Amino acid sequence: MSDKHIDAVKTVKHAQKRECEECVKIGARWVHLRTCQECGGTRCCDSSPNKHATAPFHATAHPIVRSFEPGEDWFWCYADGVAFEVDGVEPAPSHS
Ligand SMILES: [Zn+2]
Ligand SMILES: [Zn+2]
């Protein structure tokens, strides 16, 4: 399966903090987190009250997000509405 948006992701961006960067500004709560593969920002999913990951700018300009939930390693393309497994995308080198 191929998608022009996911093809543009060469290295996986990992979340820096386990929080929605928009929710923390307004003191809101989130349900699940998604990490944007374009800017690396972490935002909340559609199950969250504020749906920051799908905010108009993000869903159109930065369509690829990665799940940031334990045990989940899939990507989602908002532009095409399709999910991807990590196969074919190299994990980012881990720094220790
Ligand atoms: Zn949020
Ligand atoms: Zn982004």
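Here's what I pulled together on the structure shown here. (Residues numbered from 1 in each chain as written. Chains lettered and ligands numbered in written order. Predicted model: local features only at pLDDT ≥ 70, side-chain atom pairs only at ≥ 80, totals over all residues.)

A look at the overall build of the protein
Broken down by element type, the protein carries three helices and five strands. From first element to last, N terminus to C terminus, the protein shows the α and β order α-α-β-β-α-β-β-β. When contacts within the protein are restricted to residue pairs at least 6 apart in sequence, those whose partners lie at least 24 apart make up 46%. (Helix = DSSP H or I, 4+ residues; strand = E, 2+ residues; numbered from the N terminus. Contact = placed C-beta atoms within 7 Å.)

A short note on the sheet that holds strand β5 (residues 82-84)
Spatial ordering of the open sheet is given by β2-β1-β3-β4-β5, a layout of five strands whose pairing is antiparallel. At either end of the open sheet lies a strand with only one pairing partner, and these are β2 (42-44) and β5. Taken over all neighbouring pairs, the strand axes of this sheet differ in orientation by 35° on average, direction set aside. In terms of strand pairing, strand β1 (residues 33-36) meets β2 through three bridges, oriented antiparallel. Across the sheet, residue Leu-33 finds its bridge partner in β2, namely Cys-44. (Pairing = 2+ DSSP bridges. Axes fitted to C-alpha atoms, helices over the stretch in contact; angles between N-to-C directions.)

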